[in-house]
Amino acid sequence: MSTLPSSDAVVELREVGVTYPSGHRALVGVNLSLHRGEFVFLVGPSGAGKSTLVSLLVRDVSPSSGEVHVAGHAVHTLPASKVHLLRRRVGVVFQNFRLLPRRTVWENTAFALEVTGAAREEIDAAVERALRVVGLAELGGRYPAELSGGEQQRAAIARAIVGDPELLIADEPTGNLDPLISWEIMELLIQINRTGVTVIVATHDSNIVTTLRRRVVGLDGGRVIRDEEHATYHRVG
Ligand SMILES: Nc1ncnc2c1ncn2[C@@H]1O[C@H](COP(=O)(O)OP(=O)(O)OP(=O)(O)O)[C@@H](O)[C@H]1O
Ligand SMILES: [Mg+2]
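Just so you know, these numbers come straight off a predicted model, no measurement behind them.

Basis of the calculations
Residues numbered from 1 in each chain as written. Chains lettered and ligands numbered in written order. Predicted model: local features only at pLDDT ≥ 70, side-chain atom pairs only at ≥ 80, totals over all residues. Heavy atoms only, no water. Helix = DSSP H or I, 4+ residues; strand = E, 2+ residues; numbered from the N terminus. Rg over C-alpha atoms; globule rule 2.2 N^0.38 Å. Buried < 20%, exposed > 50% of the residue type's maximum accessible area, 1.4 Å probe, protein only. Contact = heavy atoms within 4.5 Å. Lys, Arg positive; Asp, Glu negative; His and termini not counted. Charge placed at Lys NZ, Arg CZ, Asp CG, Glu CD. Axes fitted to C-alpha atoms, helices over the stretch in contact; angles between N-to-C directions. Parallel < 35°, antiparallel > 145°, perpendicular 65-115°, else oblique. Left-handed = near helix turned anticlockwise from the far one by under 90°. Nonpolar A, V, L, I, M, F, W, Y, C, P; charged D, E, K, R; others polar. Pairing = 2+ DSSP bridges. Near = heavy atom within 4 Å. Polar contact = N/O pair within 3.5 Å; in protein donor to acceptor, adjacent residues only side chain to side chain. Areas by Shrake-Rupley, 256 points an atom, 1.4 Å probe, with all protein chains shown as cover.

Student: I tried to follow the overall build of the protein on my own but got confused; where do I start?
Tutor: Counting its regular elements, the protein contains seven helices and ten strands. For the protein, the C-alpha radius of gyration of 17 Å lies close to 18 Å, the compact-globule estimate for 237 residues. If you line up the protein on its principal axes, its C-alpha atoms span 45 × 45 × 35 Å. A burial count over the protein gives 50% of its 237 residues as buried. Long-range contacts, defined here as pairs at least 24 residues apart, represent 66% of the contacts in the protein between residues at least 6 apart. Taken as two groups, the 25 positive and 27 negative side-chain charges of the protein have centres that lie 4 Å from each other.

Right, here's the structure in full:
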(Lines give C-alpha, C1' and ligand atoms only; values in the text may rest on other atoms or scores of the structure.)
(Ligands and ions follow the chains in the order given, each with its own letter.)
Protein backbone atom coordinates (compact mmCIF):
# COMPACT_ATOMS: atom_id res chain seq x y z
CA MET A 1 0.00 0.00 0.00
CA SER A 2 1.31 3.41 -0.80
CA THR A 3 0.65 6.26 1.57
CA LEU A 4 0.40 9.77 0.22
CA PRO A 5 3.32 12.13 0.73
CA SER A 6 2.90 15.08 3.09
CA SER A 7 0.87 17.80 1.42
CA ASP A 8 3.65 20.33 0.83
CA ALA A 9 6.10 17.80 -0.64
CA VAL A 10 6.68 18.49 -4.33
CA VAL A 11 9.05 15.54 -4.64
CA GLU A 12 9.06 12.45 -2.46
CA LEU A 13 11.19 9.43 -3.31
CA ARG A 14 11.05 6.30 -1.17
CA GLU A 15 13.65 3.58 -1.54
CA VAL A 16 13.89 4.22 -5.25
CA GLY A 17 16.02 2.06 -7.49
CA VAL A 18 16.66 2.42 -11.21
CA THR A 19 18.29 -0.45 -13.08
CA TYR A 20 18.88 0.13 -16.78
CA PRO A 21 18.19 -2.71 -19.25
CA SER A 22 21.98 -3.18 -19.43
CA GLY A 23 21.79 -4.28 -15.79
CA HIS A 24 23.51 -1.12 -14.56
CA ARG A 25 22.10 0.07 -11.23
CA ALA A 26 22.02 3.83 -11.74
CA LEU A 27 20.06 4.60 -8.52
CA VAL A 28 19.95 2.50 -5.37
CA GLY A 29 17.70 2.98 -2.31
CA VAL A 30 17.19 6.71 -2.86
CA ASN A 31 15.09 8.60 -0.31
CA LEU A 32 14.46 12.29 -0.88
CA SER A 33 11.82 14.88 0.07
CA LEU A 34 11.63 18.35 -1.41
CA HIS A 35 9.19 20.87 -0.04
CA ARG A 36 7.36 23.54 -1.96
CA GLY A 37 9.60 26.49 -2.76
CA GLU A 38 12.90 24.77 -1.97
CA PHE A 39 16.07 25.31 -4.01
CA VAL A 40 18.31 22.24 -4.09
CA PHE A 41 21.65 21.43 -5.71
CA LEU A 42 22.22 17.87 -6.87
CA VAL A 43 25.93 17.10 -6.99
CA GLY A 44 28.17 14.13 -7.54
CA PRO A 45 30.82 12.80 -9.89
CA SER A 46 30.11 11.93 -13.51
CA GLY A 47 28.02 8.76 -13.63
CA ALA A 48 26.68 9.28 -10.08
CA GLY A 49 23.07 9.19 -11.30
CA LYS A 50 22.10 12.89 -11.42
CA SER A 51 20.60 12.84 -14.93
CA THR A 52 18.91 9.52 -14.16
CA LEU A 53 17.25 11.15 -11.16
CA VAL A 54 16.13 14.07 -13.34
CA SER A 55 14.70 11.62 -15.93
CA LEU A 56 12.92 9.71 -13.17
CA LEU A 57 11.05 12.83 -12.00
CA VAL A 58 9.40 13.28 -15.41
CA ARG A 59 9.11 9.52 -16.09
CA ASP A 60 11.63 9.55 -18.93
CA VAL A 61 12.85 6.51 -17.02
CA SER A 62 10.66 4.39 -14.74
CA PRO A 63 11.72 3.26 -11.28
CA SER A 64 12.61 -0.42 -10.98
CA SER A 65 11.64 -0.29 -7.30
CA GLY A 66 10.29 2.14 -4.73
CA GLU A 67 7.87 5.06 -4.88
CA VAL A 68 8.17 8.34 -6.77
CA HIS A 69 5.73 11.15 -5.97
CA VAL A 70 6.05 14.38 -7.96
CA ALA A 71 3.70 17.37 -7.95
CA GLY A 72 0.79 15.32 -6.68
CA HIS A 73 1.30 12.39 -9.06
CA ALA A 74 2.31 8.87 -8.01
CA VAL A 75 4.82 8.54 -10.84
CA HIS A 76 5.66 4.87 -10.17
CA THR A 77 2.07 3.84 -10.93
CA LEU A 78 1.15 6.61 -13.38
CA PRO A 79 -0.34 5.12 -16.56
CA ALA A 80 1.40 6.17 -19.79
CA SER A 81 -1.79 7.97 -20.83
CA LYS A 82 -1.37 10.36 -17.88
CA VAL A 83 2.36 11.11 -18.10
CA HIS A 84 1.60 14.35 -19.98
CA LEU A 85 -0.28 15.63 -16.89
CA LEU A 86 2.88 15.14 -14.82
CA ARG A 87 5.07 16.83 -17.44
CA ARG A 88 2.76 19.83 -17.48
CA ARG A 89 3.60 20.45 -13.81
CA VAL A 90 7.37 19.95 -14.18
CA GLY A 91 9.69 22.01 -16.38
CA VAL A 92 13.02 20.48 -17.38
CA VAL A 93 16.12 22.09 -18.81
CA PHE A 94 18.11 19.18 -20.24
CA GLN A 95 21.86 18.74 -20.10
CA ASN A 96 22.16 19.50 -23.85
CA PHE A 97 19.27 22.03 -24.21
CA ARG A 98 17.32 19.89 -26.76
CA LEU A 99 16.01 22.99 -28.57
CA LEU A 100 14.37 22.22 -31.91
CA PRO A 101 16.81 23.60 -34.52
CA ARG A 102 14.22 24.41 -37.20
CA ARG A 103 11.98 26.37 -34.88
CA THR A 104 12.52 29.89 -33.58
CA VAL A 105 12.93 30.73 -29.91
CA TRP A 106 9.26 31.77 -29.86
CA GLU A 107 8.17 28.52 -31.51
CA ASN A 108 10.38 26.40 -29.27
CA THR A 109 8.80 28.05 -26.22
CA ALA A 110 5.24 27.81 -27.58
CA PHE A 111 5.64 24.16 -28.56
CA ALA A 112 5.39 22.91 -24.98
CA LEU A 113 1.95 24.52 -24.67
CA GLU A 114 0.70 23.73 -28.16
CA VAL A 115 0.87 20.02 -27.44
CA THR A 116 -1.46 20.59 -24.46
CA GLY A 117 -4.10 22.04 -26.79
CA ALA A 118 -4.13 25.44 -25.05
CA ALA A 119 -5.86 28.37 -26.82
CA ARG A 120 -3.77 30.58 -29.14
CA GLU A 121 -4.17 33.78 -27.06
CA GLU A 122 -3.24 31.90 -23.90
CA ILE A 123 -0.12 30.48 -25.59
CA ASP A 124 0.95 33.87 -26.96
CA ALA A 125 0.58 35.54 -23.56
CA ALA A 126 2.48 32.74 -21.79
CA VAL A 127 5.32 32.76 -24.35
CA GLU A 128 5.66 36.52 -24.11
CA ARG A 129 5.81 36.30 -20.32
CA ALA A 130 8.35 33.45 -20.31
CA LEU A 131 10.63 35.20 -22.82
CA ARG A 132 10.46 38.38 -20.75
CA VAL A 133 11.38 36.52 -17.55
CA VAL A 134 14.49 35.04 -19.17
CA GLY A 135 15.46 38.27 -20.94
CA LEU A 136 14.85 37.09 -24.52
CA ALA A 137 11.83 39.25 -25.36
CA GLU A 138 13.71 40.75 -28.31
CA LEU A 139 15.10 37.49 -29.68
CA GLY A 140 11.96 35.41 -30.18
CA GLY A 141 12.46 35.37 -33.96
CA ARG A 142 15.94 33.85 -33.85
CA TYR A 143 16.78 30.21 -34.46
CA PRO A 144 18.80 28.32 -31.81
CA ALA A 145 21.91 28.35 -34.04
CA GLU A 146 21.75 32.16 -34.05
CA LEU A 147 22.07 32.33 -30.25
CA SER A 148 25.05 32.29 -27.89
CA GLY A 149 25.31 29.39 -25.43
CA GLY A 150 23.93 31.56 -22.62
CA GLU A 151 21.00 32.66 -24.78
CA GLN A 152 20.27 29.05 -25.75
CA GLN A 153 20.20 28.21 -22.08
CA ARG A 154 17.75 31.08 -21.46
CA ALA A 155 15.58 29.79 -24.31
CA ALA A 156 15.59 26.32 -22.76
CA ILE A 157 14.56 27.86 -19.43
CA ALA A 158 11.76 29.84 -21.13
CA ARG A 159 10.44 26.62 -22.62
CA ALA A 160 10.63 24.92 -19.21
CA ILE A 161 8.66 27.66 -17.38
CA VAL A 162 6.10 28.58 -20.05
CA GLY A 163 3.54 26.17 -18.59
CA ASP A 164 3.88 27.71 -15.12
CA PRO A 165 5.34 24.56 -13.50
CA GLU A 166 5.43 23.70 -9.81
CA LEU A 167 8.89 22.20 -10.19
CA LEU A 168 11.77 23.32 -12.41
CA ILE A 169 14.72 21.00 -12.93
CA ALA A 170 17.92 22.14 -14.64
CA ASP A 171 20.54 19.52 -15.54
CA GLU A 172 24.00 21.12 -15.79
CA PRO A 173 22.59 24.54 -16.75
CA THR A 174 26.04 26.14 -16.71
CA GLY A 175 27.97 23.22 -18.20
CA ASN A 176 29.45 24.95 -21.25
CA LEU A 177 29.16 28.59 -20.21
CA ASP A 178 31.79 31.06 -19.08
CA PRO A 179 31.74 32.08 -15.37
CA LEU A 180 29.96 35.42 -15.84
CA ILE A 181 27.19 33.94 -18.00
CA SER A 182 26.94 31.00 -15.59
CA TRP A 183 26.20 33.40 -12.75
CA GLU A 184 23.54 35.16 -14.83
CA ILE A 185 21.83 31.83 -15.48
CA MET A 186 21.99 30.93 -11.77
CA GLU A 187 20.53 34.32 -10.84
CA LEU A 188 17.69 33.68 -13.26
CA LEU A 189 16.98 30.29 -11.64
CA ILE A 190 17.05 31.91 -8.18
CA GLN A 191 14.67 34.62 -9.37
CA ILE A 192 12.26 31.93 -10.66
CA ASN A 193 12.58 30.10 -7.33
CA ARG A 194 11.61 33.34 -5.52
CA THR A 195 8.27 33.27 -7.33
CA GLY A 196 7.51 30.03 -5.46
CA VAL A 197 8.72 27.45 -7.97
CA THR A 198 10.65 24.53 -6.45
CA VAL A 199 14.02 24.31 -8.22
CA ILE A 200 16.50 21.43 -8.58
CA VAL A 201 19.87 22.13 -10.19
CA ALA A 202 22.22 19.25 -11.04
CA THR A 203 25.71 20.67 -11.38
CA HIS A 204 29.47 20.17 -11.26
CA ASP A 205 30.01 23.90 -10.68
CA SER A 206 31.67 23.86 -7.26
CA ASN A 207 32.12 27.63 -7.21
CA ILE A 208 28.41 28.33 -7.63
CA VAL A 209 27.30 25.67 -5.14
CA THR A 210 29.78 26.75 -2.48
CA THR A 211 29.01 30.46 -2.90
CA LEU A 212 25.22 30.09 -2.69
CA ARG A 213 25.11 27.82 0.41
CA ARG A 214 21.85 26.10 -0.40
CA ARG A 215 20.66 22.59 0.32
CA VAL A 216 23.01 20.10 -1.31
CA VAL A 217 22.08 16.50 -2.10
CA GLY A 218 25.13 14.44 -3.02
CA LEU A 219 24.95 11.28 -5.11
CA ASP A 220 27.70 8.76 -5.64
CA GLY A 221 27.35 5.39 -7.33
CA GLY A 222 23.57 5.91 -7.45
CA ARG A 223 23.22 6.43 -3.69
CA VAL A 224 22.48 9.58 -1.72
CA ILE A 225 25.63 10.03 0.31
CA ARG A 226 24.77 13.43 1.82
CA ASP A 227 21.87 15.84 2.20
CA GLU A 228 22.77 19.07 3.96
CA GLU A 229 21.30 22.56 4.32
CA HIS A 230 23.45 25.67 3.70
CA ALA A 231 26.16 23.44 2.35
CA THR A 232 29.28 23.72 0.22
CA TYR A 233 30.13 21.65 -2.87
CA HIS A 234 32.61 19.51 -0.98
CA ARG A 235 31.57 18.17 2.36
CA VAL A 236 33.36 20.04 5.12
CA GLY A 237 35.23 17.82 7.61
N1 LIG B 1 20.24 4.64 -20.97
C2 LIG B 1 21.16 4.08 -20.22
N3 LIG B 1 21.42 2.76 -20.28
C4 LIG B 1 22.36 2.19 -19.50
N5 LIG B 1 23.10 2.86 -18.60
C6 LIG B 1 22.89 4.17 -18.50
C7 LIG B 1 21.93 4.87 -19.30
N8 LIG B 1 21.95 6.18 -18.96
C9 LIG B 1 22.89 6.29 -18.00
N10 LIG B 1 23.46 5.11 -17.72
C11 LIG B 1 24.51 4.84 -16.73
O12 LIG B 1 23.97 5.15 -15.45
C13 LIG B 1 24.93 5.83 -14.64
C14 LIG B 1 24.39 7.16 -14.23
O15 LIG B 1 24.32 7.99 -15.37
P16 LIG B 1 23.80 9.49 -15.27
O17 LIG B 1 23.72 10.01 -16.65
O18 LIG B 1 22.57 9.52 -14.44
O19 LIG B 1 25.00 10.19 -14.46
P20 LIG B 1 25.27 11.73 -14.14
O21 LIG B 1 25.47 11.84 -12.66
O22 LIG B 1 24.21 12.57 -14.75
O23 LIG B 1 26.68 11.99 -14.86
P24 LIG B 1 27.24 13.35 -15.57
O25 LIG B 1 27.73 14.20 -14.44
O26 LIG B 1 28.36 12.85 -16.43
O27 LIG B 1 26.15 13.98 -16.37
C28 LIG B 1 26.19 5.90 -15.49
O29 LIG B 1 27.03 4.83 -15.10
C30 LIG B 1 25.71 5.71 -16.90
O31 LIG B 1 26.68 5.09 -17.70
MG1 LIG C 1 24.23 14.02 -16.22
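That was the structure; now back to the text.
Student: Please explain the packing of helix 4 (residues 120-134) against helix 5 (residues 149-161) as it appears in this structure.
Tutor: Two quantities define a packed helix pair, namely the angle between the axes and the distance from one axis to the other. At a minimum axis distance of 9 Å, the contact between helix 4 and helix 5 shows a crossing angle of 140°. Taken together, the axes of helix 4 and helix 5 are oblique relative to one another. Note on packing geometry: the crossing formed by helix 4 with helix 5 is right-handed. Contact residues: Ala 130, Leu 131, Val 133 and Val 134 in helix 4; Arg 154, Ile 157, Ala 158 and Ile 161 in helix 5. Tallied by class, the residues present in the contact of helix 4 with helix 5 amount to seven nonpolar, no polar and one charged.

Student: Sorry if this is basic, but what is going on with the sheet that holds strand 5 (residues 73-74) here?
Tutor: The pairing of strands in a sheet happens through backbone hydrogen bonds and is either parallel or antiparallel. Ordered in space as 2-1-4-5, the four strands form an open sheet in which the pairing is antiparallel. Two strands lie at the open edges of the sheet, namely strand 2 (25-35) and strand 5, each paired on one side alone. Bridge count for strand 1 (residues 9-19) against strand 2 is seven bridges, and the pairing is antiparallel. In the sheet register, Ala 9 faces strand 2, and the bridge partner there is His 35. Each of strand 1, strand 2 and strand 4 (65-70) touches helix 1 (residues 50-57); the most contacted strand, strand 1, lies at about 120° to it.

Student: Is there a simple way to explain the packing of helix 3 (residues 105-114) against helix 5 in this structure?
Tutor: Where helix 3 contacts helix 5, the two axes come as close as 7 Å, and the packing angle between them is 30°. In terms of their interaxial angle, helix 3 and helix 5 are classed as roughly parallel. Crossing angle aside, the handedness with which helix 3 passes helix 5 is right-handed. Each of Val 105, Asn 108, Thr 109 and Ala 112 in helix 3 lies in contact with helix 5, whose residues at this interface are Ala 155, Ala 158 and Arg 159.

Student: I keep staring at the site of ligand 1 and nothing clicks. Help me out?
Tutor: Among the 14 residues in the neighbourhood of ligand 1, the closest are listed as Ser 46, Gly 47, Lys 50, Thr 52 and His 204. Residue Thr 52 places a side-chain N or O atom 2.6 Å away from an oxygen atom belonging to ligand 1. Within the side chain of His 204, an N or O atom sits 2.7 Å from an oxygen atom of ligand 1. When ligand 1 sits alone it has 640 Å² of accessible area, and the protein chains cover 64% of it. Looking at which element gives the most residues to the shell around ligand 1, the answer is helix 1, with three residues.

Student: Teacher, can you tell me more about the pairing of strand 1 here?
Tutor: Successive side chains on a regular strand alternate, one facing one side of the sheet and the next facing the other. Most of strand 1 is tucked away: eight of the eleven residues are buried. Count of turn residues in the strand 1/strand 2 antiparallel hairpin: five residues, of which Gly 23 carries a positive phi of about 100°. Bridging between strand 1 and strand 4 involves five bridges; their strand directions are antiparallel. Residue pairing for strand 4: Gly 17 is matched across the bridge by Ser 65.

Student: What is the right way to read helix 3 from this model?
Tutor: Given 3.6 residues to a turn, an α-helix orients residues that are three or four positions apart in the same direction. Turning to helix 3, its buried residues number three or more, namely Val 105, Asn 108, Thr 109, Ala 110 and Leu 113. Its buried side turned inward, helix 3 meets helix 4 and helix 5.

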